[in-house]
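These are the residues of each chain, in order.
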Protein chains: 2
Amino acid sequence: MSHETSTYPIDPINRVKRLHERAAYDHATVHAILDAAALAHISYVIDGQPYCTPTLFWREGTRLYWHGSSASRMVRHQAGGVPVCVTVSHLDSLVLARCGFNHSVDYRSVMAFGHAELVTDIEEKQRALTMMVDRFYPQRTATLRPTTAQEFKATAVMVMDIERASGKVRSKGLADDPEDQDLPIYAERIPVMTVLGEPEPCPRLSSEVVRPESLQPYQAGRRLDLALAEAHQQSYR
Amino acid sequence: MSHETSTYPIDPINRVKRLHERAAYDHATVHAILDAAALAHISYVIDGQPYCTPTLFWREGTRLYWHGSSASRMVRHQAGGVPVCVTVSHLDSLVLARCGFNHSVDYRSVMAFGHAELVTDIEEKQRALTMMVDRFYPQRTATLRPTTAQEFKATAVMVMDIERASGKVRSKGLADDPEDQDLPIYAERIPVMTVLGEPEPCPRLSSEVVRPESLQPYQAGRRLDLALAEAHQQSYR
């Protein structure tokens, strides 16, 4: 059971060493950064070689789920309970300061550590595959053509208990040194947002099939992170 | 010397095993995906534990550069020439199909493999710190307050020759099975774009300091990936 007043334990693996004033370990901060994202970068090690695979993921309590093809290298390797690091990041602005050193970006990121496990229990896997769709598009699975046995078999679901996690947030924008602030050098912050375009309905849709109410979080021009967070909240309330 | 007709070598580490029709190994495809991004996810291994750190990076020929604090764990560890995987990804759309299995996203991603090295040569480091700004904002360094010796020392620059790389692109949007296409189920593609907001000039700027021409790639509403690609091209032509 996750309480949003809880905090992930801090130890040498997840302690943020540099700019630790930007660090957060509480569930509320870490989970908000995770739930605002669709893609995670999942890193794992095979024979000493690191791999980092971008993939869709989602959070349920203090567990993270992602999926892959049952035949993929990532899944075949991770099935054995290996250590992984799941990283999520949002780029929020470009910061152009008056010296090179103070150039920066605003961002939100999480590194979550744990051991990946293949979901083998049939019922748990069914529930996870439902949430893999419904976490993004609330209640959508019930409206879809059911998953075939072959599709079910071809999809692997991985799960990881978050053993350690750290969030890191920079949001202060321009931060020149006081003695630089009156130099006649152009400086600015450029906001960066990931947004949704105009939805493109399938051209083969018959006229009586309308866009479901449950896609309401996904409106053209809306920020993706806000839409994803809203959909997550709807699915897990 | 990199020729855009060249191709990265393919071996068991970088060969794309799943959905290999989406794979590309040629410099032109791989470099275009890299140059359209500001953030990379860099994974490395310490004592068997994978770490994945998001950080600013850029490409020069077939080398990748990134920086960090000289005191950071990432830099202290990577200085030893360890294997790393540098992953870059762009999310281009959400794909809502008529069954769960065909739900997907359009994306562009690169996994680049090599060994990280700390840049220790003073001149190479000076040039790299210049390009770390100028690659994003062409010719900007010449307009800035010069870097101090202390700032120079506090910043570490890492470099990696790309030994192997693979790109992966999905851009086909909705791709339902033929037998599903007439089911009365709502299906759509939602484009996703990372865009620039209205630049926010420093409120302390005096009136004679105007936005430089060289920031022309960065206009409000523009796609970040296109702005970054244009700036890279200007800086390295």
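Note that the coordinates shown come from a computational prediction; the quantities given were computed from them, not determined experimentally. (Residues numbered from 1 in each chain as written. Chains lettered and ligands numbered in written order. Predicted model: local features only at pLDDT ≥ 70, side-chain atom pairs only at ≥ 80, totals over all residues. Heavy atoms only, no water.)

Colleague: How do you make sense of the overall build of chain A when you look at a structure like this?
Modeller: From N to C terminus, chain A includes five helices and 10 strands. Counting the 237 residues in chain A, one finds 57% classified as buried. Look at the contacts in chain A between residues 6 or more apart in sequence, and 71% of them connect residues 24 or more apart. Summed over its atoms, the accessible surface of chain A is roughly 10,200 Å², and 53% of this surface lies on carbon and sulfur atoms. One way to put it: in chain A the 26 positive side-chain charges average out to a point 3 Å from where the 29 negative ones average out. (Helix = DSSP H or I, 4+ residues; strand = E, 2+ residues; numbered from the N terminus. Buried < 20%, exposed > 50% of the residue type's maximum accessible area, 1.4 Å probe, protein only. Contact = heavy atoms within 4.5 Å. Areas by Shrake-Rupley, 256 points an atom, 1.4 Å probe, with all protein chains shown as cover. Lys, Arg positive; Asp, Glu negative; His and termini not counted. Charge placed at Lys NZ, Arg CZ, Asp CG, Glu CD.)

Colleague: Which parts of the structure should I look at to understand the relation of the copies chain A and chain B?
Modeller: Look at the two chain copies: a rotation about an axis and a shift along it is all it takes to match them. The two copies are related by a screw operation: chain A maps onto chain B through 180° of rotation and 0.0 Å of translation along the axis, at an RMSD of 0.0 Å. Between the two chains, the operation in question is that of a two-fold axis. The C-alpha atom lying nearest the rotation axis in chain A is that of A:Thr194; the distance is 2.0 Å. Interface residue correspondence from chain A to chain B reaches 100%, placing this contact among same-surface, isologous pairings. (Least-squares fit on C-alpha atoms with pLDDT ≥ 70 in both.)

Colleague: I would appreciate a short explanation of the pairing of strand β9 (residues 188-196) of chain B in the present structure.
Modeller: Along any regular strand the residues' side chains alternate between the sheet's two faces. Within β9(B), seven of the nine residues are buried, which leaves the element mostly enclosed by the surrounding structure. The sheet contact formed by strand β9 (residues 188-196) of chain A and β9(B) spans five bridges and is antiparallel. Within β9(B), the residue paired with A:Val192 across the bridge is B:Leu196. Bridge count for strand β5 (residues 83-96) of chain B against β9(B) is four bridges, and the pairing is antiparallel. For B:Ser93, the partnering residue across the bridge sits in β9(B) and is B:Pro191. (Pairing = 2+ DSSP bridges.)

Colleague: How do you make sense of the environment of B:Leu224 when you look at a structure like this?
Modeller: With respect to the helices and strands, the residue B:Leu224 is situated in helix α5 (residues 224-235). Since its relative accessible area comes to 6%, B:Leu224 is described here as buried. Spatially, the C-alpha atom of B:Leu224 lies 8.3 Å from that of B:Met193, the residues being 31 residues apart in sequence. For B:Leu224, the contacting residues outside a window of four places in its chain are A:Leu91, A:Leu94, A:Val192, B:Thr194, B:Val195 and B:Leu196.

Colleague: Please explain the interface of chain A and chain B as it appears in this structure.
Modeller: Many structure descriptions define interface size as the accessible area lost when the parts assemble. Contacts between the two partners involve 85 residues from chain A, matched on the other side by 85 residues from chain B. Counting the surface lost from both chain A and chain B, the interface buries some 7,500 Å², and carbon and sulfur atoms represent 63% of this. One can count 10 salt bridges joining chain A with chain B. Residue B:Arg211 pairs with A:Glu188 through a salt bridge whose shortest N-O separation is 2.7 Å. For the side of chain A that touches chain B, the secondary structure elements donating two or more residues are β2 (39-46), β3 (49-60), α2 (73-78), β5 (83-96), β6 (104-118), α4 (149-154), β9 and β10 (200-201) of chain A. Among the elements that line the side of chain A that touches chain B, the one with the most residues is β9(A), at nine residues. (Buried area = accessible area lost by both parts, 1.4 Å probe. Salt bridge = Lys/Arg side-chain N within 4 Å of Asp/Glu carboxyl O.)

Colleague: Before we go on, may I ask you to explain the pairing of strand β7 (residues 155-161) of chain B in this structure?
Modeller: Residues and elements named next belong to chain B. Within β7, six of the seven residues are buried, which leaves it mostly tucked inside the rest of the structure. Note that strand β4 (residues 63-69) and β7 share seven bridges and pair antiparallel. From the neighbouring strand, His67 faces β7, where its bridge partner is Val157.

Colleague: Help me understand the state of the cysteines in this model?
Modeller: Two cysteines form a disulfide when their sulfur atoms are joined by a covalent bond. Counted according to the given criterion, the structure contains zero disulfides over all chains. Cysteine A:Cys52 remains unbridged, with the sulfur of B:Cys52 as its closest cysteine sulfur at 3.7 Å. The thiol sulfur of A:Cys85 is not disulfide-bonded, and the nearest other cysteine sulfur, from B:Cys52, lies at 5.5 Å. Judged by relative accessible area, which is 0%, A:Cys85 ranks as buried. (Disulfide = S-S within 2.5 Å.)

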